[in-house]
Amino acid sequence: MVRRSYFNILILICLCTTVMQIKAQVRVTSLDEMLAYAGRQSIATKSDSLRLIQAKKAKLAAVINLLDISGSNTLRFVDNTKLPVSVFPAEIFGGQPGTFTNVTTGVRYTTTGTQSAEVKLLNLPGWENLKLSKINIKLQESDNKLNLKSLYEDIASAYFNVVTLQEQLKSNTVNKAIADSLYIVSENKYKQGLIRLQEVNDARVTQLSAIESSNQSGYLLEKYYLLLKILCDIPEATELIIEDAANAASAVLAPKATLNKLAVENSILNEKYALSNYRYYKKQFLPTLSAEFSQSWQLFNTNFSVFDGDWINSRYIGFKLSIPLPTGTQVANTINARYDYIIAQQKTEQAKIKATLENKQLQNDFEKAVSQYTNDVAILALRKESYTKNMNLYREGVLALDDALNSYNTMINADYALISSRISVLLARAKIDINNKIN
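The notes below deal with the structure included here. (Residues numbered from 1 in each chain as written. Predicted model: local features only at pLDDT ≥ 70, side-chain atom pairs only at ≥ 80, totals over all residues. Heavy atoms only, no water.)

A word on the nonpolar core. In terms of nonpolar packing, the biggest core is built from 35 residues, with Met34, Ile155, Tyr159, Phe160, Leu228 and Ile242 touching the most fellow members. Counting residues per element, the ones that place at least two in this core are strand E1 (25–28), helix H2 (31–41), helix H4 (124–191), helix H5 (197–232), strand E6 (239–242) and helix H8 (401–437). Residue contributions to this core peak at ten residues, all from H4. Formed by 30 residues, the second largest nonpolar core is a distinct cluster that contains Tyr183, Ala203, Leu405 and Met411. (Core = buried A, V, L, I, M, F, W, Y, C linked by side-chain atoms within 4.5 Å. Buried < 20%, exposed > 50% of the residue type's maximum accessible area, 1.4 Å probe, protein only. Helix = DSSP H or I, 4+ residues; strand = E, 2+ residues; numbered from the N terminus.)

Take a look at the structure:
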């Protein structure tokens, strides 16, 4: 019975370990899956969402600030340890005209309770501040889209670097096998006295180069995996696995890149914000009109007492017109805001020009990648054919090793070029998709 319990505990531990291993692994087969994961995992996108919430809370504060309601409730107890003295004409008290008498005034113990409130009826800076908060919400939404677009483009570049290197590693395995075969053939020929040692060494150098090429690709692959983890905020302990077929044939017919107006709209919002901010500082020089209310209760005692006695009530209701005097800081802020607005206008014009050119550049990059890919497919087919013939001739002793090695190296270069151009098509297609999607 005890053994069975230990056995059950062991199974439970194994299951828990397996579950933990599964949770600590992220496996994706396409860029879309990688971007979807990043959208859920990225701390940057979560921070942008919090900034939007913050902007909305700021709007609520701006609404409250329109009336700028202020008030206070105070209770004050005073012990006049030495009462003030006033001078009165002596004739009031039966004295000689033209003379004065010192009279102590007031009561020693005073309790005062006061309620006051002020509401702004005319608050032009407050209304402009509300407009600023509304623009800020739209601007934050636009910034979030721009940040997401930039993040997705960076992820796409790192992702396809990983895919490129994975394809190169596959090619390296094949190329290494070919290099091994060349070395074995040359070594056998050397043993038979058909070639010089120099040719064997050349074949060995080719074999070592193929091994090191594979090693370097592995190091670069690890680098871009780490970059992807950084971009997606994936913990170091979590294993990221990318299994992409890298099929460029389906990406050749990409949709047309639409004009992305996101940057232009963002620039226009920045311009509106700068204009509203300029108006806000200008309106701070304007007067404000407020309604005031105040009432108080006073209690006077000759004996030490805080609440005993008859309370005397007084109150008033009125209006207050405040005309501010400009300060140096306010003038400087207004001037700076004016020039910020002028600069924002120029940036909007720049953004409009840039958006059109970037759209054409996206389309041109894709067409260039497709043209290079089509050309590299044909070149690799020819290089493979030449290598196969030269290798057969070398085996038969008709062709020198140098010629066989040259055809091998040109075939390897053509293979790498095709891998690179194939992934370039996928990356160019991905950039168009991101451009059209986040708009």
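Here we come to the packing of aromatic side chains. A complete count under the given rule lists six aromatic pairs for this structure. When the centroid spacing of 5.5 Å and the interplanar angle of 90° are considered together, the rings of Tyr109 and Phe304 count as edge-to-face. Taken together, the residues span a long stretch of sequence, with Tyr109 in strand E5 (residues 109–122) and Phe304 in the loop between strand E7 (288–301) and strand E8 (312–322) at a distance of 195 residues. Exposure remark for Tyr109: the relative accessible area of 7% places this residue in the buried category. (Phe/Tyr/Trp six-rings, centres within 6.5 Å; stacked < 30°, edge-to-face > 60°.)

A separate point is the packing of H4 against helix H6 (residues 262–283). Running from N to C, H4 and H6 cross one another at 160°; their axes reach a closest spacing of 9 Å. With respect to H6, the axis of H4 lies roughly antiparallel. For the pair H4 and H6, the sense of crossing is left-handed. By residue class, the composition of the contact of H4 with H6 is eleven nonpolar, seven polar and nine charged. (Axes fitted to C-alpha atoms, helices over the stretch in contact; angles between N-to-C directions. Parallel < 35°, antiparallel > 145°, perpendicular 65-115°, else oblique. Left-handed = near helix turned anticlockwise from the far one by under 90°. Nonpolar A, V, L, I, M, F, W, Y, C, P; charged D, E, K, R; others polar.)

Along H2, the residues that are buried comprise Leu31, Met34, Leu35, Tyr37 and Ala38. When H2 is viewed along its axis, its buried side chains cluster within an angular range of 160° and face the same direction. Seen from the buried face of H2, the exposed residues on the opposite side, beyond 90 degrees, are Asp32 and Arg40. Among the structural elements, E1, helix H3 (43–67), H4, H5, E6 and H8 are those in contact with the buried residues of H2. (Arc of directions from axis to C-beta. Contact = heavy atoms within 4.5 Å.)

Through backbone hydrogen bonds, the strands of a sheet pair up, either in parallel or in antiparallel fashion. Here four strands make up an open sheet; going across it, the order is E2-E5-E7-E8 and the pairing antiparallel. Strand pairing shows two members of the sheet lacking a second neighbour, strand E2 (70–79) and E8, which therefore form its edges. Averaged over all pairs of adjacent strands, the angle between strand axes in this sheet comes to 15°, irrespective of strand direction. Across ten bridges, the pairing between E2 and E5 is antiparallel. Looking at the pairing, Leu75 lines up with Gly113 of E5. (Pairing = 2+ DSSP bridges.)

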